[in-house]
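Close look at the chain arrangement
Here is what each chain is made of, one letter per residue.
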Amino acid sequence: MQQVEVGVDGNVAGIDVASLRRATSFSDTFFQTGTAARTLDKLAATPDGILISDETALNYSMAVGDRINLRLYNVHSKTYVLAPFHMAGIATEFPTAPKDAFL
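One structure accompanies this document, and this report is about it. (Residues numbered from 1 in each chain as written. Predicted model: local features only at pLDDT ≥ 70, side-chain atom pairs only at ≥ 80, totals over all residues. Heavy atoms only, no water.)

Moving on, we come to the environment of Leu51. By the element assignment, Leu51 lies in strand 2 (residues 49-53). Residues Leu51 and Gly89 lie 38 residues apart in sequence; the distance between their C-alpha atoms is 4.9 Å. (Helix = DSSP H or I, 4+ residues; strand = E, 2+ residues; numbered from the N terminus.)

Here is the structure:
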C-alpha cells in the first residue's frame, strides 16, 4: 500500500451507498475493481472509503487499499486541510460525470 496526497479543485461527491442502491443500479462495467455489487459493498464497509476515477488511479499509480490524503479548502479558515481516505475501488467515468478525473 502506498500513501498519495492529491489537491482537489472540484469533482468530489459524497454518497450514501444504501440510498444509492435504492435509487438506481449500476452495470459491472462501471467498476474496474470487481462487480458493481462488490465495489459498492467495499465502499459501504470502508468508513473513509473513496472511489477513484480510472484516470486518477492511472495517473497516481493507485491501488485498492491505498491511503489518499485530499487537500480540501476550508472556507472558514481560508486554508487547506488534509482529509484522509482509503481507496475502495476504481470507477470509470459515469455518463453524467465531468470529462476529467474525479473522486
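Attention shifts here to the pairing of strand 3 (residues 67-74). Relative to strand 4 (residues 79-91), strand 3 runs antiparallel, the two sharing 8 bridges. Its bridge partner being in strand 4, Tyr73 is matched across the sheet by Tyr80. Taking the residues between adjacent antiparallel strands as the criterion, strand 3 and strand 4 are bridged by 4 residues, where Lys78 takes a positive phi near 55°. (Pairing = 2+ DSSP bridges.)

Nonpolar side chains collect at one region of the surface, where Tyr73, Val75 and Tyr80 lie side by side and expose about 350 Å² of accessible area between them. With respect to the secondary-structure elements, Tyr73 resides in strand 3. Residue class for Tyr73 comes out partly exposed when judged on its relative accessible area of 45%. (Patch = residues over 30% accessible without salt bridge, like charges linked within 9 Å, V, L, I, M, F, W, Y side chains within 5 Å. Areas by Shrake-Rupley, 256 points an atom, 1.4 Å probe, with all protein chains shown as cover. Salt bridge = Lys/Arg side-chain N within 4 Å of Asp/Glu carboxyl O. Buried < 20%, exposed > 50% of the residue type's maximum accessible area, 1.4 Å probe, protein only.)

Applying the stated rule across the entire model yields 2 aromatic pairs. The interplanar angle of 90° and the centroid separation of 6.0 Å between the aromatic rings of Phe26 and Phe30 together place this pair among those described as edge-to-face. What makes Phe26 partly exposed here is its relative accessible area of 24%. Consider the rings of Phe26 and Phe31, whose centres lie 5.8 Å apart with planes at 80°: the pair is edge-to-face. Accessibility expressed as a relative area gives 6% for Phe31, which makes it buried. In textbook terms, an aromatic cluster arises when at least three aromatic residues are bridged by ring pairs, as seen for Phe26, Phe30 and Phe31. (Phe/Tyr/Trp six-rings, centres within 6.5 Å; stacked < 30°, edge-to-face > 60°.)

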